[in-house]
Amino acid sequence: MKRLITILSVVLLLASCASKKVAGDGSDTTGLSKTQKSEQQAFLKRVLDNQVQARNIVAGADLRLVAGNKDFSCDGKISMRRDEVIRLQLLLPIIRTEVARIDFTPDYVLLVDRFHKEYIKASYKDVSFLADNGLSFYSLQALFWNQLFLPGEKTVNEQMLHRFTCGLADMATTVPVGFKNGNMEYQWKASKSTAQITGAGANYDSAAHGKSSLVWTYDNFRSFDGRQFPLSQQFAVSTAVTGRQQTVQLTVKMSSPKNSADWDTTTQLSGKYKKIEAQDILKKLMSIQ
């Protein structure tokens, strides 16, 4: 279970990597007619309008994580409050006792190991790889909430849509949406008929940290708070940040989502818990076989 906790935290940390604040708009509409540009913006507006507007998403979750030759599954719970926290809790089967939790907030990451009474609490700048890449809580939030995002921005509004590229094609059923900023390249896939995001991804290439990629897929859409929301989400991170290329995949299958505000976004720990240095996360990742 401790290995599962460590790997899970690393997957989410690497998945939330984003580049520094944007200087330009990153789009390239060279050669497009006014009509084509208008059609692209109209489609992107449909994608934007599909965003779930609820402030909270709370759901049970089945978690499965595959890292190298390791394959872990456990019960869990996911609790998200917009712009405040993304929380994953790992639970013992049947009795549903919490053994670990991971909190992502705009200011810090908190990993709690209930079994060993240990925790890591770090600001994003405390982990050099994450700080170097301008990690953003808001990019991770957008991925979990099935939304577009722009590095350095909390949200995407209609006035920002011109920053994205959009590959509308007559015969295509899926529309690629993209954004490039420095060493980072972001991609989304959206259904042409519904404008629902069905996948997302990012590629990063750096002389300092090597190549990293993220592939995020969405499935099992259900009505939630007047919008369609994917109860099944799977993401895979491939990275060379530890000095060798590694791939980790996490599948989250949610059930019975609710827009519930009856929970505390701040985790309080007693003096019995021992703090572990933030850099230990990446050191432990290197031991995964």
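Residues numbered from 1 in each chain as written. Predicted model: local features only at pLDDT ≥ 70, side-chain atom pairs only at ≥ 80, totals over all residues. Heavy atoms only, no water.

J.: Got a minute to help me understand the overall build of the protein in this structure?
T.: Counting its regular elements, the protein contains 5 helices and 14 strands. When burial is assessed residue by residue, the protein has 52% of its 289 residues classed as buried. Accessible surface computed for the protein: about 13,600 Å², of which carbon and sulfur atoms make up 49%. (Helix = DSSP H or I, 4+ residues; strand = E, 2+ residues; numbered from the N terminus. Buried < 20%, exposed > 50% of the residue type's maximum accessible area, 1.4 Å probe, protein only. Areas by Shrake-Rupley, 256 points an atom, 1.4 Å probe, with all protein chains shown as cover.)

J.: When you look at the packing of aromatic side chains in this model, what are you seeing that I'm missing?
T.: Under the counting rule described, the total for this entry stands at 11 aromatic pairs. Relative to Y138, the ring of F137 lies with its centre 5.2 Å away and its plane at 80 degrees, an arrangement referred to as edge-to-face. For F137, a relative accessible area of 3% translates into the label buried. Among the aromatic residues, those joined into a ring-pair cluster are F149, F164, F179, Y186 and W188. Sitting over the face of the ring of W263, R81 holds its NZ or CZ atom 4.6 Å from the ring centroid. The ring of Y108 has K121 sitting right over it, with the charged end atom 4.4 Å from the ring centre. (Phe/Tyr/Trp six-rings, centres within 6.5 Å; stacked < 30°, edge-to-face > 60°. Lys NZ or Arg CZ within 6 Å of the ring centre and 35° of its normal.)

J.: What's the story with the pattern of salt bridges in this structure? I'm lost.
T.: Pairs may arise between side chains of opposite charge once their charged atoms sit close together. Using the criterion set out here, one finds 8 salt bridges in the structure. Close ionic contact of D49 with K45 constitutes a salt bridge, the shortest N to O distance being 2.9 Å. Of this pair, D49 and K45 both sit in helix α2 (residues 34–49), separated by 4 residues, roughly a single helical turn. Overall, the relative accessible area of 25% leaves K45 in the partly exposed class. The salt bridge involving R163 is made with E153; its shortest N-O contact spans 3.4 Å. With R163 in the loop between α4 (137–144) and β7 (165–166) and E153 in the loop between α4 and β7, the pair connects residues that are 10 residues apart, well separated along the chain. Assessed through its relative accessible area of 16%, R163 is described here as buried. Through salt bridges that share partners, E98, R101 and R114 make up one connected network. (Salt bridge = Lys/Arg side-chain N within 4 Å of Asp/Glu carboxyl O.)

J.: Teacher, can you tell me more about the pairing of strand β10 (residues 197–206) here?
T.: Side chains on a regular strand alternate between the two faces of the sheet. Most of β10 sits out of view: 7 of its 10 residues are buried. Strand direction decides the pairing type here: strand β9 (residues 184–191) and β10, joined by 7 bridges, are antiparallel. The residue of β10 that forms the bridge with Q187 is G201. The antiparallel pairing of β9 with β10 creates a hairpin that spans 5 residues between the two strands, and A195 there sits at a positive phi of about 60 degrees. (Pairing = 2+ DSSP bridges.)

J.: It is not clear to me how a nonpolar patch on the surface should be interpreted in this structure. Could you clarify?
T.: A contiguous nonpolar patch, built from L92, I94 and I95 and spanning about 330 Å² of accessible area, is present on the exposed surface. In this structure, I94 sits in the loop between β3 (85–91) and β4 (98–104). Accessibility expressed as a relative area gives 81% for I94, which makes it exposed. (Patch = residues over 30% accessible without salt bridge, like charges linked within 9 Å, V, L, I, M, F, W, Y side chains within 5 Å.)

J.: Explain the nonpolar core here, please?
T.: Soluble globular proteins tend to bury their nonpolar side chains together. Judged by nonpolar contacts, the single largest core of 67 residues is most densely connected at F144, F164, W188 and W216. Ranked by size, the runner-up nonpolar core spans 5 residues in total, among them Y108, V112, Y119 and Y273. (Core = buried A, V, L, I, M, F, W, Y, C linked by side-chain atoms within 4.5 Å.)

J.: I keep staring at the pairing of β9 and nothing clicks. Help me out?
T.: In terms of strand pairing, strand β8 (residues 174–181) meets β9 through 8 bridges, oriented antiparallel. Note that in β9 the partner of V177 across the bridge is W188.

J.: Where do I start with α4 in this structure?
T.: Quick reminder: α-helices carry 3.6 residues per turn. Residues three or four places apart thus point the same way. For α4, the tally of buried residues reaches 8 of 8 residues, placing the bulk of the element in the interior. Buried within α4 we find F137, Y138, S139, L140, Q141, A142, L143 and F144. Positive backbone phi, approximately 65 degrees, marks N146, located one or two places after α4.

J.: Can you walk me through the side chain of R101 in this structure?
T.: Here R101 lies in strand β4. We classify R101 as buried; its relative accessible area is 12%. Polar side-chain contacts of R101 include one of 2.8 Å to the side chain of T267. Not counting chain neighbours up to four residues away, the residues in contact with R101 comprise R87, L88, Q89, L110, L111, V112, R114 and T267. (Polar contact = N/O pair within 3.5 Å; in protein donor to acceptor, adjacent residues only side chain to side chain. Contact = heavy atoms within 4.5 Å.)

J.: Is there a simple way to explain unusual backbone geometry in this structure?
T.: With the exception of glycine, the majority of residues adopt a negative phi angle, and the majority of peptide bonds are in the trans configuration. With a phi angle near 60 degrees, A195 is a residue other than glycine that sits in the positive phi range. Here A195 shows up in the loop between β9 and β10. Of the residues examined, A195 reaches a relative accessible area of 0% and is grouped as buried. Of note, D225 is a non-glycine position whose phi angle comes to about 55 degrees, a positive value. Its location among the elements puts D225 in the loop between β11 (210–224) and β12 (227–239).

The quantities given are spatial measurements derived from coordinates; they are silent on function.
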